[in-house]
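Tertiary structure, described
Here is how the chains run, residue by residue.
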Amino acid sequence: QVQLVESGGGLVQPGGSLRLSCAASGSIGSIYALGWYRQVLGKQRELVAAITSGGNTNYADSVKGRFTISRDSAKNTVYLQMNSLKPADTAVYYCRATMIKATDLPSWGQGTQVTVSS
């Protein structure tokens, strides 16, 4: 089993930056990919960015060129650097671990609130 703990959310003005962190523990070797998702109340949770154990990355079109996902394997931590933030980026951001075995359910963190407002 994998445990995920997010940090780094907060309130930021439009155009500002934030960096989210997600620290993984437990069965690290069973992780295929780590990703960031976000959810606004009343809407479906959506993929923001993901990075595989091989280093391949994937981004939602709405964040390309503004957000960067990266990882520190030594710290078992994945980061989401968010620049040029917009009010539309306001959401609860969740870290998710996708497992190598398709039969293993993904693990989720508890979420961190990001609010972009003047």
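Computed from a predicted model, the values in this text were never measured in an experiment. (Residues numbered from 1 in each chain as written. Predicted model: local features only at pLDDT ≥ 70, side-chain atom pairs only at ≥ 80, totals over all residues. Heavy atoms only, no water.)

**Looking at the packing of aromatic side chains**
Tallied over the full model, the rule gives two aromatic pairs. Between Tyr37 and Trp108, the ring centres sit 5.1 Å apart and the planes meet at 70 degrees, which makes this aromatic pair edge-to-face. Taken together, the residues span a long stretch of sequence, with Tyr37 in strand 4 (residues 31-39) and Trp108 in strand 10 (residues 107-108) at a distance of 71 residues. Residue classification places Trp108 among the partly exposed positions, given a relative accessible area of 34%. When the centroid spacing of 6.4 Å and the interplanar angle of 85 degrees are considered together, the rings of Tyr94 and Trp108 count as edge-to-face. In this pair, Tyr94 is assigned in strand 9 (residues 91-99) and Trp108 in strand 10, connecting sequence segments 14 residues apart. By relative accessible area, Tyr94 is classed as buried at 14%. Among the aromatic residues, ring-to-ring pairing joins Tyr37, Tyr94 and Trp108 into one connected group. Here Arg45 stacks its cationic end above the ring of Trp108, 4.6 Å away from the centre of that ring. (Phe/Tyr/Trp six-rings, centres within 6.5 Å; stacked < 30°, edge-to-face > 60°. Helix = DSSP H or I, 4+ residues; strand = E, 2+ residues; numbered from the N terminus. Buried < 20%, exposed > 50% of the residue type's maximum accessible area, 1.4 Å probe, protein only. Lys NZ or Arg CZ within 6 Å of the ring centre and 35° of its normal.)

**Topic: the pattern of salt bridges**
Per the stated rule, a full pass over the model turns up four salt bridges. Salt-bridge contacts for Arg38 lead to Asp89; the nearest nitrogen and oxygen are separated by 3.0 Å. With Arg38 in strand 4 and Asp89 in the loop between strand 8 (77-82) and strand 9, the pair connects residues that are 51 residues apart, well separated along the chain. Across the pair, exposure class does not vary: Arg38 and Asp89 are buried alike. One salt bridge in this structure joins Asp89 and Arg66, with 2.8 Å as the shortest N-O distance. Of this pair, Asp89 sits in the loop between strand 8 and strand 9 while Arg66 sits in the loop between strand 6 (57-59) and strand 7 (67-72), placing them 23 residues apart in sequence. (Salt bridge = Lys/Arg side-chain N within 4 Å of Asp/Glu carboxyl O.)

**Here we look at the environment of Gly55**
Structurally, Gly55 is set in the loop between strand 5 (46-52) and strand 6. On the basis of relative accessibility, which here comes to 33%, the residue Gly55 falls in the partly exposed class. Residues Gly55 and Arg45, spaced 10 residues apart in sequence, show a C-alpha to C-alpha distance of 23 Å.

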